[in-house]
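Each chain is listed here by its residues.
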Amino acid sequence: MCSLLCLRLEWLNTEEPISIYKDLCGKVVVLDFFTYCCINCIHLLPDLHALERAHPDKDGLLIVGVHSAKFPNEKVLDNIKSAVLRYNITHPVVNDADASLWQELEVSCWPTLVILGPRGNMLFSLIGEGHKDKLFLYTSVALKYYRDKGQIRDHEIAIQLYRDSLPPSPLLFPGKVTVDPVTNRLVIADTGHHRILVIWKSGQIQHSIGGPNPGRKDGIFSESSFNSPQGVAMMNNMIYVADTENHLIRKIDLETERVSTIAGIGIQGSDKEGGAKGEEQPISSPWDVVIGTSGAGTQRNDVLWIAMAGTHQIWALLLDSGTLPKKSELQKGTCLRFAGSGSEENRNNAYPHKAGFAQPSGLSLASADPWSCLFVADSESSTVRTVSLKDGAVKHLVGGERDPLNLFAFGDVDGAGISAKLQHPLGVAWDEKRELLYVADSYNHKIKVVDPKTKTCATLAGTGDTRNVMSSSFTESTFNEPGGLCVGDNSQLLYVADTNNHQIKVMDLETRIVSVLPITTSHSAVVDGPCPVEKQKAVPRVPKSAPNLRLTPVTVRPGQTLQFKLKVDLPAGAKLTEGVPSCWFLTAEDNEWLLQGQIPSGDIENISNQPTISLRIPAHCSSLEAMVSVSVFLYYCSADSSACMMKGILFQQPLQITDAQPARGAPVELAYVF
């Protein structure tokens with residue numbers, strides 16, 4: 001045990017790394033070996049939360065999450081931080097990036113619970129999900145046994161939650177996005193805020209439904225609640241929601257402004273067949289939904305197709321009476337399995353019930369011939385598959401490999417069919433006009449495009465860098481685990497839920513410009529409860545293609561206030577985008593002493609009245625030469641509002657600090673014309 005936790009590992013949710021002598025001695029310890037992509041691991045978290053509530057620190061129990069990654073992307077600490085926040089994990093988590101703890105305790109699958117006694121002795125282990133009763137029983141018996149022997153200590157572990165260090169954000173881990181083709185309104189699953197947003201194309205919120213806390217309640221908008229919703233689909237003022245962690249399908253009626261449950265019973269189901277009325281049918285972690293037809297040749301939208309990640313299947317919910325391929329007449333409201341055996345596999349088969357999926361997480365519909373299919377982002381097999389609407393046959397499109405049991409055939413390779421490699425894709429969107437499929441290749445942090453005619457897969461946007469680089473070009477744009485996407489505006493725009501960047505990115509498929517959709521509120525819409533205290537903005541990176549202007553050195557005196565006057569001219573007729581914060585940032589790399597006590601950033605609200613930036617030179621300087629940088633980010637629209645874009649500019653000002661020469665008195669002009 002000492003060798004196990006004396007390793008130099010990265011910790012989350014603790015003030016300092018946990019020590020075997022200081023922290024674990026005298027505790028019954030539950031080690032939760034998990035990887036954050038795993039749906040079975042996610043299913044286990046409510047059991048661990050309940051165990052924490054039943055046995056606080058003083059009882060002598062400590063739960064430690066041991067994150068042993070499946071995918072390379074999951075070894076990165078920042079990505080684990082996002083998962084810890086997304087799944088509201090409040091116990092300590094250690095990054096077992098090299099699987100050292102996994103191998104030490106001979107763990108073989110996710111999830112695995114290992115329970116240790118107060119002297120580090122292994123007591124027992126539980127493999128897989130669904131063992132809540134045994135977990136509670138064994139833990140309670142162990143605590144009583146060691147307490148009676150006087151070996152339990154009631155000391156508390158110093159917890160410091162990662163979530164407490166985050167700045168507020170209009171969106172928090174948005175999972176999916178869809179567009180209403182009639183009104184051009186967007187529907188966003190604001191997953192981390194446990195709510196659904198209906199917004200206008202401008203980004204202004206029309207409705208905010210649910211949140212900010214998780215819950216499970218139907219009724220009027222102001223009283224309704226969700227728990228980490230993911231997939232959303234909209235038709236005729238009705239929004240259908242995959243309420244993932246409630247294990248429900250919900251319906252939002254925008255006319256009556258009410259929420260109702262149409263499938264699921266509110267607890268995780270294990271049924272892999274279905275067939276009951278929706279509200280009586282248990283389901284398991286629905287991850288995406290799409291409205292479509294019940295078969296080839298059917299014109300009406302009478303089925304809600306469901307990516308049932310928890311049972312590794314594709315299900316159908318009948319919105320009207322109809323017939324599915326190879327099924328007899330089904331009544332309205334029936335909810336049942338359509339494809340997938342329930343085994344976690346990458347198995348294609350002409351018989352839909354013999355096919356196997358591995359955590360299907362994204363759906364898109366191509367109803368017209370010759371396609372007549374569902375496209376499926378099958379995340380754990382790192383593939384995109386098709387399900388025929390004519391006969392239910394499941395076929396491979398891109399990614400993965402031929403062995404149906406190999407769920408480790410992932411990578412980042414453009415190519416055709418099985419030669420192409422993806423890494424845990426979570427979303428797909430069909431472009432009917434171009435007959436192309438867009439894929440959110442989530443763990444590669446890219447958007448890819450697939451031609452189903454040739455099975456070729458190529459990178460469309462994203463560098464693979466997870467840092468939120470503000471760039472307007474496809475080739476320089478960045479994403480961070482994008483989870484969903486949809487096509488809108490007559491196939492001109494691709495909306496992307498850039499999940500870990502907490503943004504909706506807008507990709508113009510004609511101009512190849514990427515922008516961030518501003519999320520703004522009206523007087524009648526609540527963004528996220530009480531207005532939080534604003535924290536200091538993080539300084540974004542200027543795109544590589546942005547102008548980098550090195551200015552003539554200026555002489556300044558200690559104690560002097562140097563002023564910079566912005567003078568940036570937009571193209572003729574262009575105007576700043578309303579509701580989007582054009583801004584400036586003041587930095588001094590390797591000379592941070594210059595900025596102590598300064599105002600390091602600000603907004604640019606009016607292009608005709610640009611701000612003056614002040615820098616007070618400290619009375620006591622650490623160096624007589626320094627470089628100050630002013631980064632400017634402008635969001636603006638063309639004269640006819642047909643295109644909106646972001647431009648960045650970097651001004652670099654060398655400083656020579658001296659008492660011996662006269663100091664500059666006039667402001668430094670930061671001028672640039674687009």
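Residue positions within a chain follow its written sequence, with the count starting from 1. At least 70 in pLDDT is required for a residue's local features to be given in this predicted model, at least 80 for side-chain atom pairs to be given and counted, and no such filter applies to totals for whole chains, interfaces and linings, which use all residues. By convention in this description, side-chain values take in all heavy atoms of the structure and omit both hydrogens and water.

1. Let's talk about the overall build of the protein chain
The numbering of helices and of strands both runs from the N terminus, where a helix is a DSSP run of H or I of at least 4 residues and a strand a run of E of at least 2. Assigned secondary structure in the protein chain consists of 6 helices and 45 strands. At 27 Å, the protein chain has a C-alpha radius of gyration in line with the 26 Å of a compact globule built from 674 residues. Counting only C-alpha atoms and orienting by the principal axes, one finds that the protein chain spans roughly 90 × 70 × 50 Å. In the protein chain, buried positions account for 58% of the 674 residues. A separation threshold of at least 6 residues defines the contact pool for the protein chain, and within that pool the share at least 24 residues apart is 59%. Here the protein chain displays about 27800 Å² of accessible surface, and carbon together with sulfur accounts for 49% of that area. Charge centroids of the protein chain, computed over 61 positive and 73 negative side chains, lie 1 Å from each other. Radius of gyration: over C-alpha atoms. The globule rule applied is 2.2 Å multiplied by the number of residues raised to the 0.38 power. Using a 1.4 Å probe on the protein chains alone, a residue whose accessible area is under 20% of its type maximum counts as buried, one over 50% counts as exposed, and one in between counts as partly exposed. Pairs of residues are marked as contacts when any of their non-hydrogen atoms sit within 4.5 Å. We get accessible surface area from the Shrake-Rupley algorithm with a probe of 1.4 Å; when it comes to residues, only the shown protein chains can shield them. Positive charge is attributed to Lys and Arg, negative charge to Asp and Glu, and no charge count is given to His or to the chain ends. Positions of charges follow a simple convention, taking NZ of Lys, CZ of Arg, CG of Asp or CD of Glu.

2. Here's the deal with helix H3 (residues 39-54)
Residues lying three or four places apart along an α-helix face the same way, a consequence of the helix completing one turn every 3.6 residues. Taking 1.5 Å as the rise per residue, H3 with 16 residues should run 22 Å; its terminal C-alpha atoms sit 24 Å apart, in good agreement. Burial within H3 is extensive, with 12 of its 16 residues counted as buried. Where H3 is concerned, the buried positions are Ile39, Asn40, Cys41, Ile42, His43, Leu44, Leu45, Asp47, Leu48, His49, Ala50 and Leu51. Packing partners of the buried residues in H3 comprise strand S2 (28-34), strand S3 (61-67), strand S5 (112-116), helix H6 (132-148) and strand S17 (286-292). Here the expected span of a helix is defined as 1.5 Å times the quantity of residues minus one.

3. A word on helix H4 (residues 77-86)
Most of H4 is tucked away: 8 of the 10 residues are buried. For H4, the set of buried residues is Leu77, Asn79, Ile80, Ser82, Ala83, Val84, Leu85 and Arg86. Close packing links the buried residues of H4 with strand S1 (10-12), S3 and strand S4 (93-95). With its phi angle positive at about 55°, asparagine 88 sits one or two positions after the end of H4.

4. Section: the pairing of S5
In terms of burial, S5 is largely enclosed, as 5 of its 5 residues are buried. Of the two faces of S5, the one holding Thr112, Val114 and Leu116 and the one holding Leu113 and Ile115 are both buried throughout. As defined by bridge partners, S2 adjoins S5 across 5 bridges and the pair is classed as antiparallel. The residue bridging phenylalanine 33 from the neighbouring strand is threonine 112, located in S5. In this sheet, strand S6 (residues 122-127) lies alongside S5 in antiparallel orientation, the contact comprising 5 bridges. Bridged to leucine 113 within S6 is leucine 126. We call two strands paired when DSSP finds no fewer than two bridges between them. Taking the residues between adjacent antiparallel strands as the criterion, S5 and S6 are bridged by 5 residues, where glycine 120 takes a positive phi near 85°.

5. Quick notes on the sheet that holds strand S34 (residues 503-508)
Within the open sheet, the 4 strands sit side by side as S32-S33-S34-S35. Their pairing is antiparallel. Two strands close off the open sheet at either side, each with one partner strand: strand S32 (484-488) and strand S35 (513-516). Geometrically, the sheet is characterised by an average inter-axis angle of 20° between neighbouring strands, direction not taken into account. Lines fitted to C-alpha atoms define the axes, with helix axes restricted to the stretch in contact, and inter-axis angles between N-to-C directions lie between 0 and 180 degrees.

6. Section: the sheet that holds strand S9 (residues 195-199)
In space, the 4 strands of this open sheet follow the order S7-S8-S9-S10, with antiparallel pairing throughout. Each edge of the open sheet carries a strand with a single partner, namely strand S7 (176-179) and strand S10 (205-210). Neighbouring strand axes in the sheet, compared pairwise and without regard to direction, differ in orientation by 15° on average. Note: S7 against strand S8 (residues 186-190), 4 bridges, orientation antiparallel. Bridge pairing in S8 places lysine 176 opposite alanine 189.

7. Thoughts on the packing of aromatic side chains
Stacked, edge-to-face and tilted labels apply to pairs of Phe, Tyr and Trp rings (six-membered ring for Trp) whose centres lie within 6.5 Å, assigned for plane angles under 30 degrees, over 60, and everything in between, in that order. Here the structure, examined in full by the defined rule, presents 13 aromatic pairs. Ring geometry for phenylalanine 585 versus phenylalanine 633: centroids 6.0 Å apart, planes at 80°, classification edge-to-face. Remark: phenylalanine 633 occurs in strand S43 (residues 625-637) and phenylalanine 585 occurs in strand S40 (residues 583-587); sequence separation between them is 48 residues. Of the two residues, phenylalanine 585 and phenylalanine 633, both sit in the buried class. The ring of phenylalanine 226 has arginine 250 sitting right over it, with the charged end atom 4.8 Å from the ring centre. Each ring is checked for a lysine NZ or an arginine CZ that lies within 6 Å of its centre and within 35 degrees of its normal; such an atom marks a charge sitting over the ring. One Lys or Arg, lysine 354, reaches over the ring of tyrosine 351 and ends 5.4 Å from the middle of that ring.

8. Looking at the pairing of S35
By the bridge criterion, 4 bridges tie S34 to S35 in an arrangement that is antiparallel. The partner of lysine 505 across the bridge, within S35, is valine 516.

9. Re the pattern of salt bridges
The salt bridge definition used is simple: a Lys or Arg side-chain nitrogen within 4 Å of an Asp or Glu carboxyl oxygen. Within this structure, the stated rule accounts for 21 salt bridges. For aspartate 243, the salt bridge goes to arginine 250, with nearest N and O atoms at 2.7 Å. Taking relative accessible area as the criterion, aspartate 243 reaches 0% and is therefore assigned buried. Given a relative accessible area of 0%, arginine 250 falls into the buried group. Here aspartate 431 ties to arginine 434 by a salt bridge, and the two come within 2.8 Å at their closest N and O atoms. Relative accessible area serves as the criterion here: at 0%, aspartate 431 is assigned to the buried category. Among the charged side chains, a network of salt bridges with common partners joins Asp412, Asp441, Lys446 and Lys448.

10. Side note on the nonpolar core
Nonpolar cores are built from buried Ala, Val, Leu, Ile, Met, Phe, Trp, Tyr and Cys residues. Side-chain atoms within 4.5 Å join them into one set. The biggest cluster of nonpolar side chains holds 38 residues, and the ones touching the most others in it are Val28 and Leu113. Elements with a minimum of two residues in this core: S2, H3, S3, H4, S5, S6 and H6. Excluding anything up to four places from it in sequence, leucine 113 contacts Val30, Leu31, Asp32, Leu44, Leu48, Phe124, Ser125, Leu126 and Leu135. With 34 residues, the next largest nonpolar core counts Val554, Leu586, Val628 and Ile657 among its residues.

11. Brief notes about a nonpolar patch on the surface
Residues form patches when they are more than 30% accessible in relative terms and have no salt bridge. Like charges link within 9 Å. Nonpolar side chains (Val, Leu, Ile, Met, Phe, Trp, Tyr) link within 5 Å. Together, Leu137, Tyr138 and Val141 make up a nonpolar patch on the protein surface, roughly 270 Å² of accessible area in all. You can see valine 141 is positioned in helix H6.

12. Some thoughts on the state of the cysteines
Cysteine sulfur atoms are paired as a disulfide whenever they fall within 2.5 Å. Applying the stated criterion across every chain yields a total of 0 disulfides. Cysteine cysteine 109 shares no disulfide, and the gap to the nearest cysteine sulfur, in cysteine 41, comes to 8.8 Å. The exposure class of cysteine 109 is partly exposed, given its relative accessible area of 24%. Cysteine cysteine 373 is unpaired, with the sulfur of cysteine 457 as its nearest cysteine sulfur at 16 Å.

13. Observations regarding the environment of isoleucine 657
Mapped onto the secondary structure, isoleucine 657 falls in strand S44 (residues 644-657). Expressed as a C-alpha distance, the spacing of isoleucine 657 and valine 554, which sit 103 residues apart in the sequence, is 8.6 Å.

14. Thoughts on the UniProt feature "repeat: NHL" (unreviewed entry) in the protein chain
UniProt positions are given in the numbering used here, feature names are shortened, and annotations may be inferred rather than shown by experiment. Mapped onto the present numbering, the UniProt feature "repeat: NHL" (unreviewed entry) falls on residues 422-453. Helix makes up 0% of residues 422-453 and strand 53%, and the two end C-alpha atoms of the span are 19 Å apart.

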